[in-house]
Each structure stands twice: as C-alpha cells, then as structure tokens.
Amino acid sequence: MIRTLIASILMASPVVALAANNVEVVSEMFVEKAVVQAGSQPKIVLVKQKSGPPGTKLVFTHSYHNGGKTPAANFAMTNPIPSGVDYIGSDDAFATVSVDGGKTFGPLGQARVRASDGALRPARPEDVTHVRWALKAPIPVGGAGEFSFRATVK
C-alpha cells in the first residue's frame, strides 16, 4: 500500500514548464535517509526509493537544461503538491507558492487562508497547493540548473 502511495504521489505531480525554447526538465523524487558510519554523526543522504511510511521526508527535484539554440527567456515551472504529501518548503529564494489551487502565487509569509470559522489566518506550509519557480534571467544556451522542494508523506 505504501509503495502504491509513493508511486501515485510521484505520478500525480505533473510539472508544467514554460519557456521560449527547448528546455528539458527531468523530475525525480528522493527519500531522505540518515546514514550512520562508525565513529561519525548521522549524515542525511537522498535515496531513490518509492516507499516510506507517513512522516517520511521527501525531496522533489527538477533539473533543467537549455538544449535550444538561443537563450530561454521567461522560464517558469509550476509543480502541484501531490495530495499524499505536505509541503515543507524550498530553499530556492525565487520560489513562490499558491494556497488557492494555483490561481495566485507569492511568498508563503504573505498568504492567507480561511479557517473553519471563516476568519482569515496566515497560511502554513501544509496549506500550499502549488510551488512555482520563475527565472528572471534567460537560461543561456547549454545552461542548466535545478529546483527542489521538500515534503513529508501524510
């Protein structure tokens, strides 16, 4: 069941990438694992694994490469957060989030959602429905990079 859940999480997470040119995107999901070596502190490593119980920490990565013949301007990627996970965050300074199903995007600290009593409250990471990365500078020919976000299995 857990294997099916993780596989469905990965499959249910289509990434939309927009650019003027041939930018290839490869999306992957990893599980964070603590590895202990004799005489040292635990080290966190990323493992390609498609199973894990609730609470398992995941890292979704999206590597991109401009294989076109001209710089790719206005490159943006949007990743819906799969229903089987809770968003934790992204280390990318230019990542923005949506808490309204992808209608609007901005910093999490500025987002608001309706509580069960109807009042607005500050949005929390688990309220995030989408994460978006938009590059301000064009991706040069042959240029590459990576976006990522962290989540936990519900």
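An account of the accompanying structure is given in this report.

Conventions adopted
- Residues numbered from 1 in each chain as written.
- Predicted model: local features only at pLDDT ≥ 70, side-chain atom pairs only at ≥ 80, totals over all residues.
- Heavy atoms only, no water.
- Helix = DSSP H or I, 4+ residues; strand = E, 2+ residues; numbered from the N terminus.
- Areas by Shrake-Rupley, 256 points an atom, 1.4 Å probe, with all protein chains shown as cover.
- Pairing = 2+ DSSP bridges.
- Axes fitted to C-alpha atoms, helices over the stretch in contact; angles between N-to-C directions.
- Core = buried A, V, L, I, M, F, W, Y, C linked by side-chain atoms within 4.5 Å.
- Buried < 20%, exposed > 50% of the residue type's maximum accessible area, 1.4 Å probe, protein only.
- Phe/Tyr/Trp six-rings, centres within 6.5 Å; stacked < 30°, edge-to-face > 60°.
- Salt bridge = Lys/Arg side-chain N within 4 Å of Asp/Glu carboxyl O.

Remarks on the overall build of the protein
- A tally of helices and strands in the protein yields one helix and eleven strands.
- Of the roughly 9000 Å² of accessible surface on the protein, 56% is carried by carbon and sulfur atoms.

A word on the sheet that holds strand E4 (residues 57–66)
- Strands sit in the order E3-E2-E4-E11-E6 across an open sheet of five strands; the sheet is antiparallel. Either end of the sheet is taken by a strand with one partner, and the two such strands are strand E3 (43–47) and strand E6 (85–89). When the angles between neighbouring strand axes are averaged without regard to direction, this sheet yields 35°.
- Bridging between strand E2 (residues 23–35) and E3 involves five bridges; their strand directions are antiparallel. What sits directly across from Val-31, in E3, is Val-47.

Focus: the nonpolar core
- Within the largest apolar cluster, 23 residues are counted, with the highest numbers of intra-cluster contacts made by Phe-75, Val-131 and Phe-149.
- For this core, the secondary-structure elements that each account for two or more residues are E2, E4, E6, strand E7 (95–98), strand E10 (130–134) and strand E11 (144–153).
- Here the element with the most residues in this core is E11; it accounts for four residues.

Focus on the environment of Ala-72
- Looking at where Ala-72 falls in the secondary structure, it is placed in the loop between E4 and strand E5 (76–80).
- Each C-alpha atom of the pair Ala-72 and Gly-143 lies 9.2 Å from the other, and the pair is 71 residues apart in sequence.

Observations regarding the packing of aromatic side chains
- All chains considered together, the criterion is met by eight aromatic pairs.
- Pairing Tyr-64 with Phe-75 gives two aromatic rings, centres 5.4 Å apart and planes at 35°, and the pair type is tilted. With Tyr-64 in strand E4 and Phe-75 in the loop between E4 and E5, the pair connects residues that are eleven residues apart, well separated along the chain.
- Looking at Phe-75, the relative accessible area reads 2%, which means it is buried.
- One aromatic cluster is present, formed by Phe-60, Tyr-64, Phe-75, Tyr-87, Phe-94, Trp-133, Phe-147 and Phe-149 through successive ring pairs.

Let's talk about the pattern of salt bridges
- On inspection of all chains with the given rule, the structure shows five salt bridges.
- Close ionic contact of Arg-121 with Asp-127 constitutes a salt bridge, the shortest N to O distance being 2.8 Å. No difference in accessibility class separates Arg-121 from Asp-127, as the two residues are buried.

Here we look at unusual backbone geometry
- Here the phi dihedral of Asn-74 falls at roughly 60°; this positive angle occurs in a residue that is not glycine.
- Mapping Asn-74 onto the fold places it in the loop between E4 and E5.

Geometric values such as these leave the question of function open.
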